[in-house]
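Chains, contacts and geometry: an overview
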Amino acid sequence: MSFDFSLIIDSLPKMLGGIGITLQLLVVSAVLGLILAIILLLMRLSGKWWLDWPAQVYIYVFRGTPILVQIFIVYYGFPQFEFIRDSIFWPILREPTGCAIVALSLNTGAYVSEILRGGVKGVNKGLLEAGSALGMSTHQKFIYITAPIATRLALPAYSNDVISLLKSTALASTITIADMTGIARTIVAETYAPYEIFISMAIIYMVFTWIIQKTFGRIERYLGRYAEREA
Amino acid sequence: MNDTAPLIQLHNVDKFFGDFQALKNIDLEVRKGERIVVCGPSGSGKSTMIRCINRLEEHTDGRIIIDGTELTDKIKDIDAVRREVGMVFQSFNLFPHMTIVKNLMIAQQLVRKTPKTEAREVAMRYLERVKIPEQAGKYPIQLSGGQQQRVAIARALCMQPEIMLFDEPTSALDPEMINEVLDVMIDLAKDGMTMIVVTHEMGFARSVADRIIFMDEGEIVEEAEPQTFFDSPVHERTKLFLSQILNH
């Protein structure tokens, strides 16, 4: 088999043209997903069954079904409903990019809330007792003790989820979005050169993964500075 | 408030964990300035008893009254009691993500609403009192166990408590660090602090305690002044316990 490097050189700029969309999908979904995750987490920690239960069901459904199916349901399924077409969300759900962001956010939110819950569970109970003994309220303990420590504990798993979300954005190409993968698929359809195109595309994703990994590594070291013996 | 009333009163206190009865009919009165040492075998309910005093555990039955405030489900009463009661734990429980001085400031700022500069001054004053002001900027993990426990004592003192509870404060320490912590506690006792100390340090008990309480299986078995407690204990269980911890 011959490997056409000039084809890679030619098509790289075109694929890089999709970076903007890929990053938009990643960043917006990650932020919305994180907000959703925090809401779900607070529901689960509330101790009230009527908040805990819906959150558990939500998490179960979104972790229990394939992300591709979720994207299809949002993109093909939602417009079938009149009330959705009439709602304020229609301008978002009318656009494929909007649908992809909604589906990715809903999905990652379910995973991230469980990651955060793991962090919360990892906080030493003795510290909360010390907070109580000092007269701190439940809210104060959560904000000043639980949250900062849980964040540090959850970070390695969270960075894993962000990397996984980056790869999930590629699925947006299945609903006509011209992200990096979407553009690559178009080029492959025109050139019949799947190896060159898909391998170079894979390398671009790996570069992004490396950047995400390094960024989280820095944040981890910063948040974990108190856990090192040497100042 | 009645000046002659005991600062701490426990009347017929029971505590159950499921079916297990951790405290049986505990009666205890502690007057202002008294130093009480609580000892007994592990699982005897010593820690549970003092943890009920600041509501880290909820007693099942009976009454607990701290400086005129009875402990009930009311958050207001619990807060009022916790403002008067400081606690030191076996495992220090310093906030690992805060510097030493911040550990001492945080509750002052949040609970007492002390302004930051004043909270810092108070924190430094107590760090000097426990003789480690130079560690103020470090994180807990950078300190030795003895130093961490002294910080924990200072942190509790910053809240100006009337009463200090110590839950086996030296049990997690290497032997060479025990004295530096006991010295701080002796110093505190000299200043007239009301203290309840759960400990196996019998030297400390003999020299500092006004009364020693021996607990076994959730009950107060014996209560006596140190001299009487060590030289002529009445109950067999006390004699057995003392023989086990004093004769090496």
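Here, every reference points to the structure presented above.
What comes next is a walk through the structure. (Residues numbered from 1 in each chain as written. Chains lettered and ligands numbered in written order. Predicted model: local features only at pLDDT ≥ 70, side-chain atom pairs only at ≥ 80, totals over all residues. Heavy atoms only, no water.)

1. Focus: the sheet that holds strand β6 (residues 85–88) of chain B
Residues and elements named next belong to chain B. Test applied: Any two strands are treated as partners once DSSP identifies two or more bridges connecting them. Labels follow the DSSP assignment, with helices taken as runs of H or I lasting at least four residues and strands as runs of E lasting at least two, numbered in each case from the N terminus. Between N-to-C directions, angles span 0 to 180 degrees; the directions come from axes that are lines fitted to C-alpha atoms, helices contributing only their stretch in contact.
Taken in spatial order, the six strands of this open sheet run β6-β7-β8-β3-β9-β10, and their pairing is mixed. Here the strands that pair on one side only, and so sit at the sheet edges, are β6 and β10 (219–224). On average, adjacent strands in this sheet sit at an angle of 20° to one another, irrespective of strand direction. Inspection of the sheet shows strand β3 (residues 35–39) paired to strand β8 (residues 194–198) by four bridges, in the parallel sense. Bridge pairing links Arg35 to Met195 in β8.

2. Quick notes on the packing of helix α8 (residues 125–133) of chain A against helix α9 (residues 138–168) of chain A
Residues and elements named next belong to chain A. Worth spelling out the cut-off: Reported orientations rely on four angle classes, namely roughly parallel under 35 degrees, roughly antiparallel over 145, roughly perpendicular from 65 to 115, and oblique for the rest. For a crossing to be left-handed, the near helix must be turned anticlockwise from the far one by less than a right angle; the clockwise case is right-handed. Residues are treated as being in contact if the distance between any of their heavy atoms lies within 4.5 Å. Throughout this entry, Asp, Glu, Lys and Arg are counted as charged residues, while Ala, Val, Leu, Ile, Met, Phe, Trp, Tyr, Cys and Pro are counted as nonpolar. The remaining residues, Gly among them, count as polar.
It is at 10 Å that the axes of α8 and α9 come closest, and there the two elements cross at 165°. Between α8 and α9, the angle is such that the two are roughly antiparallel. You can see that α8 and α9 cross each other, and the crossing is right-handed. Contacts between α8 and α9 involve Leu127, Leu128, Gly131 and Ser132 on the former and, on the latter, Lys141, Ile145, Thr146 and Ile149. Taken together, the residues of the contact of α8 with α9 sort by class into four nonpolar, three polar and one charged.

3. Description of the interface of chain B and chain A
Put simply, the test is: Here the buried area means the combined drop in accessible surface, using a 1.4 Å probe, for two parts upon being joined, counting both sides. Criterion for a salt bridge: a side-chain nitrogen of Lys or Arg within 4 Å of a carboxyl oxygen of Asp or Glu. The term polar contact refers here to a pair of N or O atoms within 3.5 Å; inside protein, the definition further demands a hydrogen-donor-capable atom paired with an acceptor-capable atom, and it admits residues adjacent in sequence only when both atoms are side-chain atoms.
Facing 25 residues of chain B, the contacting portion of chain A comprises 23 residues. Between chain B and chain A, roughly 2100 Å² of surface is buried when both sides are summed, and carbon and sulfur atoms account for 65% of that area. Our count for the contact surface shared by chain B and chain A stands at one salt bridge. Glu129 of chain A is paired through a salt bridge with Arg51 of chain B; the nearest N and O atoms lie 2.6 Å apart. Counting every contact that joins chain B to chain A gives five residue pairs in polar contact (both at pLDDT 80 or more). When contributions to the side of chain B that touches chain A are tallied by element, the ones reaching two or more residues are α2 (75–84), β6, α3 (100–111) and α5 (145–157) of chain B. Looking at which element gives the most residues to the side of chain B that touches chain A, the answer is α3 of chain B, with four residues. Taken together, the residues that form the side of chain B that touches chain A break down as 16 nonpolar, four polar and five charged.

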